[in-house]
Amino acid sequence: MFLTTSVHFLFLVFLGMLSLVLLLIIAVLIYSFYQYRESVQAFRWSEVINKRISEVIVYGEDEMSPDDNFSSASGSSIFRNLFLQKLAESEKKFSGAAQNKLKDLFRKYGLQEEALKKLCQKKVHLIARGIQELTAMNVEEALPKIAPFLSHPSAQVYQEAQYAMVHFKGFEGLHFLSSITSTISEWQQLRLLISITQIPDNSGDHIKSWMERSNDSVVIFTLKLLRKFQILSLYPSVINLLDHSSPEIRIQAVQTLLSLENSSTIAHLIEIYPHQPVEVQKEILKVMKKSKDQRSTDFLKDQLLNGSDSGLKVYAAEALCALEKHEYLAEVLQKETSSEELIQIIKYALQEKVC
């Protein structure tokens with residue numbers, strides 16, 4: 001009797017598990033079928049949207065005949081979000097009148113609400129996309145809702161918020177540099193720099209304060225800003241950064257000095273050279289090569305003959321080449337006291353045709 005009950009129980013357990021597996025398989029098949037239908041629908045809608053966008057750019061909205069397929073689908077939230085995504089992507093590919101036509105489409109179909117809804121989502125990629133779309137479609141009135149995302153924990157979100165602020169407000173939109181603690185990536189720095197087209201005359205104090213931040217990426221970005229706009233008045237502040245604890249900031253400062261070059265630049269570089277790490281010394285020699293300032297000649301000769309690092313000697317030889325000191329280099333090659341290493345370095349510099 002006990003054995004029969006146990007077998008019956010095991011059979012029921014097996015039947016239950018089998019039923020559960022079958023239910024899971026059916027659920028997966030239904031989900032896959034739904035996903036397939038959705039992807040097919042999205043593909044068809046993408047074709048309809050791409051056609052509409054292309055025709056609007058070429059002919060203009062007023063000259064086009066009604067599109068029943070487009071009109072019937074435009075009430076779907078999925079279609080509208082796909083339409084919004086396509087408009088934002090297309091905006092990057094066009095300029096001038098074509099961009100304006102895309103923004104007219106955005107306003108005509110009331111897609112602003114679709115983008116704003118994404119700012120209320122919890123998924124970071126949706127929030128970031130919403131900010132991207134509002135920025136691309138130039139919805140400046142959305143700035144008060146975008147601004148709080150400057151302190152969002154997700155880099156994907158706060159970077160888009162940063163870009164939006166600068167896109168709409170220019171230099172004024174960089175106010176977040178005074179408080180940001182996260183790192184500004186090189187790609188983000190490039191995006192921000194491209195968006196800044198001019199700097200107000202009274203901006204010197206703000207820029208100087210950013211150069212004194214403990215956030216290295218803010219300092220590096222600010223130095224690039226100085227180079228782009230040739231802010232000569234902050235030359236002394238750049239000199240002060242040559243003692244910074246970060247070698248990368250020192251390298252960026254050396255590059256900035258080349259851009260803001262004045263009569264004392266070479267003397268400053270020669271003075272600080274012995275106290276710099278090797279990577280900064282290399283950058284100094286590169287700058288001397290680019291500047292072609294004859295006042296660096298004696299210093300470069302000394303580094304070529306007496307320097308302890310072979311890599312630095314190569315940079316010194318290349319810089320002398322750029323200064324057209326061919327006769328001097330030829331003389332060094334002929335000296336019996338010249339080491340084999342020194343001869344190879346000079347020959348390498350000459351063969352590289354850096355002169």
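A brief structural summary.

Quick notes on the rules
- Residues numbered from 1 in each chain as written.
- Predicted model: local features only at pLDDT ≥ 70, side-chain atom pairs only at ≥ 80, totals over all residues.
- Heavy atoms only, no water.
- Helix = DSSP H or I, 4+ residues; strand = E, 2+ residues; numbered from the N terminus.
- Rg over C-alpha atoms; globule rule 2.2 N^0.38 Å.
- Buried < 20%, exposed > 50% of the residue type's maximum accessible area, 1.4 Å probe, protein only.
- Arc of directions from axis to C-beta.
- Contact = heavy atoms within 4.5 Å.
- Axes fitted to C-alpha atoms, helices over the stretch in contact; angles between N-to-C directions.
- Left-handed = near helix turned anticlockwise from the far one by under 90°.
- Nonpolar A, V, L, I, M, F, W, Y, C, P; charged D, E, K, R; others polar.
- Core = buried A, V, L, I, M, F, W, Y, C linked by side-chain atoms within 4.5 Å.
- Patch = residues over 30% accessible without salt bridge, like charges linked within 9 Å, V, L, I, M, F, W, Y side chains within 5 Å.
- Areas by Shrake-Rupley, 256 points an atom, 1.4 Å probe, with all protein chains shown as cover.
- Salt bridge = Lys/Arg side-chain N within 4 Å of Asp/Glu carboxyl O.

Looking at the overall build of the protein chain
- Across its full length, the protein chain holds 19 helices and zero strands.
- In terms of overall size, the protein chain is more extended than a compact globule, its C-alpha atoms giving a radius of gyration of 32 Å where 355 residues would be expected to give roughly 20 Å.
- Principal axes of the C-alpha set define a box for the protein chain whose edges measure 105 × 75 × 40 Å.
- Looking at the protein chain as a whole, 45% of its 355 residues qualify as buried.

Considering helix 14 (residues 265-272)
- When helix 14 is considered as a whole, its buried residues turn out to be Thr265, Ile266, Leu269 and Ile272. Seen from one end, helix 14 has its buried residues packed into an arc of 140°, which puts them on one side.
- Elements in contact with the buried residues of helix 14: helix 12 (235-240), helix 13 (247-259) and helix 15 (278-291).

Brief notes about the packing of helix 9 (residues 186-195) against helix 11 (residues 216-229)
- Axis separation between helix 9 and helix 11 bottoms out at 11 Å; the angle between their running directions is 35°. Relative to helix 11, the crossing made by helix 9 is right-handed. Across the interface between the two elements, Gln189, Leu192, Leu193 and Ile194 from helix 9 touch Ser217, Ile220, Phe221, Lys224, Leu225 and Lys228 from helix 11.
- When grouped by side-chain class, the residues that make up the contact of helix 9 with helix 11 number six nonpolar, two polar and two charged.

A closer look at the nonpolar core
- Counting residues in each nonpolar core, the largest one holds 100 residues, and the members touching the most others are Phe83, Leu87, Ile131, Leu174, Ile207, Leu225 and Leu304.
- Considering every element that reaches this core, the biggest residue donor is helix 11, with seven residues.
- Apart from residues no more than four positions distant in its own chain, Ile207 is found in contact with Phe171, Ile199, Thr222, Leu226, Ile231 and Leu234.

Overview of a nonpolar patch on the surface
- Taken together, the side chains of Phe11, Leu12, Phe14, Leu15, Leu18, Val21, Leu22, Leu23, Ile25, Ile26, Leu29 and Ile30 present a nonpolar region at the surface, about 1200 Å² in accessible area.
- Relative to the helices and strands, Leu29 is located in helix 1 (residues 2-59).

Topic: the pattern of salt bridges
- Within the structure shown, the criterion is met by nine salt bridges.
- Across the salt bridge formed by Lys169 and Glu172, the nearest N and O atoms sit 3.7 Å from each other.
- Glu172 gets classed as exposed once you look at its relative accessible area, which sits at 53%.
- For Glu341, the salt bridge is made with Lys313, and the minimal N-O distance between the two is 3.7 Å. Taken together, the residues Glu341 in helix 19 (residues 340-351) and Lys313 in helix 17 (residues 310-322) connect sequence positions 28 residues apart.

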